[in-house]
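Structural features, examined
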Amino acid sequence: MYIDFFVSNAHTHISGKSLIPENDPTVLFTTAGMHPLVPYILGEHHPGGKRLVNYQKCIRTADIDEVGDPSHCTFFEMLGNWSLGDYFKEEAIRMSYEFLTSKKWLGFDRNTLSVTVFKGDELVPPDEESASIWRALGIPDQRIYFLPREDNWWGPAGKTGPCGPDTEMFIDLGKEPCSPGCRPGCYCGKYFEVWNDVFMQYMKKDDGSFEPLKNKTVDTGMGLERTITMLQGKPGVYDTELFLPIIEIIEELSGHHYGENPETDRSLRIISDHIKASCFILGDEYGIKPSNLGQGYILRRLIRRSIRHLRKLTPEGGFLDDIADTVIGMYGDIYPELKTNRETIASELNKEEERFSATLKKGEHEFEKLLPNLMKNPRKIIPGRVAFRLYDTYGFPLEITEELAQEHGLSVDKKGFEEAFQKHQELSKSGADKSFKGGLADHSDMVKRLHTATHLLHKALRLVLGDHIAQMGSNITAERLRFDFSHPGKMSPGQIAEVEKIVNEQIEKELPVSYEIMSLEDAKNDGAIALFGDKYEEKVKVYSIKGFSKEVCGGPHVENTGELGSFRITKEQSSSAGVRRIRAILLDKQEN
Ligand code: SER
């Protein structure tokens, strides 16, 4: 309905993207529908035009520890509509209101709708405009809440960039207010957020001031799970058809019933959420395998935590793939990549279970042995080095130890754990999913230059190693590029030198960089490199580096390869089975 509604309002339906962000080092997973659209919000031309709508698979791990309560989930789908310099507040809010309350669409009782708007501060005035649009639609003043920057402001992630106020929509469940200060956003659960319209109307400048933007954009996000919960009058997301079939299969396999006991309910929710998220990560276009690094480590944590909770329900194991089958059955028509990768999903889940089962029991036993001593600690804190030993020897992700600790009224010295971890190895960043709240990725000149260099590298690799080279991931910071690609073996020093030489030749030639918009089919016929996940029905942007490379890509890029400086590969290593990883930098000509 969401897609139909916005298509009937002249939006182009664009496909969602991979869960693994491309070219964006600020975050491990796609955390919102706007995330893949950041370049366009920053001003790149979108081939779908100025009005866009889609649904996007998302993973948020910032509050992974909260999963288990009735409302948090790791994987969710976000519905979004965008205006790239087209409509602004008036039309955005009117459309939100119509979709939420019209009988033809969702049909929520408008008397249950409460909204929040930005209250203003010393830097930016209050968002009276949004408030008056809501008033004109019939929302009474007592249901329009003016809230501060923490609640109703988005971006920028860095020091500067586009940002602005938002207006959030809540369904009031009709409970008594928990206190005189009870309002949307209050944790008591009276108000349930369903939608957020963000109005990017300012540019934050270096000196911290805000200047009105010429090219204003709208970015909205509606949580599918939350909205369905409200539509169906359910107490929480886990009571909807988006979770119940998964919970049912676990009930069948474990003999426990949902609603029987708060402890087992919590486990049922954790397993259903974590296995669903794991299926989507393993089954993504850029599938990730469990590992001790980055996204792979998040995946490992999700699977291992599910296994521990499964063991609490039943001593039997070996049925993660049955749970996965249910997830694939529920979602496979909408996300066909799950069906394509069914084998990988099942075998990776089973392998991870084998690896972890071997040490889980021993680790739990070790923990129990330590327990009497730990309980004597007056501060009831488990030292970081103990948590690290459980991690290092028994493969316990920190939150498993934390959970075990909580079950005995203890907490864990997380800082001590991190220190022990860092001392041990340089993998410190792996577990942390930097949050993307308000995040607009860095589009500095250096990032653009490295992005263009990545296209040169990709083509040069094909010329030197062969056409089997496929991009498996790209990650760019202002310091370096990192490019993962499929290739069976190590590159020889000669091959590396040859690739460098080809890239530098294209830089010397000062080739112009430009783009054209065309159908994906035309792009492929034209010989453009296209990535997995680009879907047929769409128009795409094809960036050409004159006479050298053509690639389907959103941008941004520099205008001429002459701007790049000098290209140097600093590392070539294995990333995972059959995947190599290159790191490279650009040096100023004189530095070289
Ligand atoms: N970016 C906003 C959100 O995630 C709206 O899409 O809520």
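Residues numbered from 1 in each chain as written. Predicted model: local features only at pLDDT ≥ 70, side-chain atom pairs only at ≥ 80, totals over all residues. Heavy atoms only, no water.

**Some thoughts on the nonpolar core**
Applicable threshold: Take the buried Ala, Val, Leu, Ile, Met, Phe, Trp, Tyr and Cys residues and link them wherever side-chain atoms come within 4.5 Å; each set so joined is a nonpolar core. With a 1.4 Å probe rolled over the protein chains alone, any residue whose accessible area is under 20% of its type maximum counts as buried; one over 50% counts as exposed, and the rest are partly exposed. Here, residues are in contact when the closest pair of their heavy atoms is within 4.5 Å.
Counting 107 residues, the largest nonpolar core has Leu100, Leu113, Trp134, Trp195, Ile250 and Ile323 as the members making the most contacts within it. With residues near it in sequence (within four places) discarded, Leu100 still touches Leu106, Gly107, Phe108, Leu113, Met169, Val194, Trp195 and Met222. One finds Leu456, Leu461, Ile502 and Leu586 within the second-largest nonpolar core, a separate group that totals 33 residues.

**Looking at the sheet that holds strand β12 (residues 471-476)**
The cut-off we apply is this: One bridge is not enough; two strands pair if DSSP finds at least two bridges between them. By definition, any uninterrupted DSSP run of H or I lasting at least four residues is a helix, any uninterrupted run of E lasting at least two residues is a strand, and each is numbered from the N terminus. In this analysis, axes come from line fits to C-alpha atoms, helices being fitted only over the stretch in contact, and the angle between any two N-to-C directions falls in the range 0 to 180 degrees.
Reading across from one edge, β12-β13-β18-β17 is the order of the four strands in this open sheet, with antiparallel pairing throughout. The open sheet has two edge strands with one neighbour each: β12 and β17 (566-576). Across the sheet, the mean angle from the axis of one strand to that of its neighbour is 20 degrees, orientation sign disregarded. Two elements, strand β13 (residues 481-486) and strand β18 (residues 579-587), share six bridges in a ladder whose sense is antiparallel. Across the sheet, the residue bridging to Arg482 is Arg583, located in β18. Contacting β12, β13, β17 and β18, helix α16 (residues 445-465) runs over the sheet at an angle of about 30 degrees to β13.

**Points about helix α9 (residues 294-313)**
So the rule is basically this: One less than the number of residues in a helix, times 1.5 Å, gives the span that helix is expected to have.
In a regular helix each residue adds 1.5 Å, so 20 residues correspond to 28 Å; α9 covers 29 Å between its end C-alpha atoms and thus fits that length. Burial runs high along α9: 18 of the 20 residues are buried.

**Here we look at the pattern of salt bridges**
Threshold: A pair is scored as a salt bridge if a Lys or Arg side-chain nitrogen falls within 4 Å of a carboxyl oxygen belonging to Asp or Glu.
The tally for this structure, following the rule as stated, stands at 39 salt bridges. Residues Asp333 and Lys339 are paired through a salt bridge, measuring 2.6 Å at the closest nitrogen-oxygen approach. A relative accessible area of 65% means that Asp333 is categorised as exposed. On the accessibility criterion, Lys339 (40% relative accessible area) is partly exposed. The residue Lys550 makes a salt bridge to Asp526 at a minimum N-O spacing of 3.0 Å. Of the two residues, Lys550 is situated in strand β16 (residues 549-552) and Asp526 in the loop between α18 (520-525) and β15 (539-545); the sequence distance between them amounts to 24 residues. Using a relative accessible area of 30% as the deciding quantity, one classes Lys550 as partly exposed. On the accessibility criterion, Asp526 (38% relative accessible area) is partly exposed. Look at the salt bridges and you will find they share partners, linking Glu263, Arg266, Arg305, Arg308, Lys312, Glu364, Glu403 and Glu407 into a network.

**Quick word on the packing of α9 against helix α14 (residues 398-407)**
This is how it is decided: Gly falls in the polar group here, along with every residue not listed as nonpolar (Ala, Val, Leu, Ile, Met, Phe, Trp, Tyr, Cys, Pro) or charged (Asp, Glu, Lys, Arg).
For the pair α9 and α14, the least separation of the axes is 9 Å and the interaxial angle reads 35 degrees. Judged by residue contacts, Tyr297, Arg301, Arg304, Arg305, Arg308, His309 and Lys312 of α9 engage Leu398, Glu399, Ile400, Glu403, Leu404 and Glu407 from α14. Partitioning the contact of α9 with α14 into residue classes produces four nonpolar, one polar and eight charged.

**Details of the site of the ligand**
The test is simple: Here a residue counts as near a molecule or strand whenever at least one of its heavy atoms sits within 4 Å of it. Pairing of N or O atoms within 3.5 Å defines a polar contact, subject to two protein rules: one partner must be a possible hydrogen donor and the other a possible acceptor, and residues neighboring in sequence count only if both atoms are side-chain atoms.
All residues adjacent to the ligand are Ala32, Met34, Arg60, Met78, Trp154, Asn196, Val198, Asp219, Thr220 and Gly221. Asp219 places a side-chain nitrogen or oxygen 2.9 Å from an oxygen atom of the ligand. Among the secondary structure elements, those contributing two or more residues to the shell around the ligand are β8 (191-204) and β9 (210-223). The element that contributes the greatest number of residues to the shell around the ligand is β9, accounting for three residues.

**Topic: the pairing of β18**
Counting buried residues along β18, seven of its nine residues qualify, which places the element largely inside the surrounding structure. Where β17 folds back on β18, the antiparallel hairpin that results is connected by two residues, among which Gly578 adopts a positive phi of roughly 75 degrees.

**Points about helix α8 (residues 262-282)**
Between its first and last C-alpha, α8 extends 30 Å over 21 residues, near the 30 Å set by a 1.5 Å rise per residue. With a side-chain oxygen positioned 2.6 Å from the backbone nitrogen of Glu263, the residue opening α8 is Asn261.

**Some words on unusual backbone geometry**
Between Gly555 and Pro556 the backbone carries a cis peptide bond, its omega angle lying at 0 degrees. Tracing the backbone through its elements, the reader meets Pro556 in the loop between β16 and β17. One non-glycine residue, Glu510, lies in positive phi territory at about 50 degrees. In this structure, Glu510 sits in the loop between α17 (493-508) and β14 (513-519).

**Thoughts on the packing of helix α7 (residues 244-254) against α8**
Condition: Note on convention: near helix rotated counterclockwise from far helix by under a right angle means a left-handed crossing. Clockwise means right-handed.
Between α7 and α8, the shortest axis-to-axis distance is 9 Å and the interhelical angle comes to 120 degrees. Note that α7 runs across α8; the crossing there is right-handed. Counted together, Ile246, Ile247, Ile250 and Glu251 of α7 and Leu268, Ile271, Ser272 and Lys276 of α8 form the full contact between these two elements. Each residue belonging to the contact of α7 with α8 can be placed in one class, and the counts come to five nonpolar, one polar and two charged.

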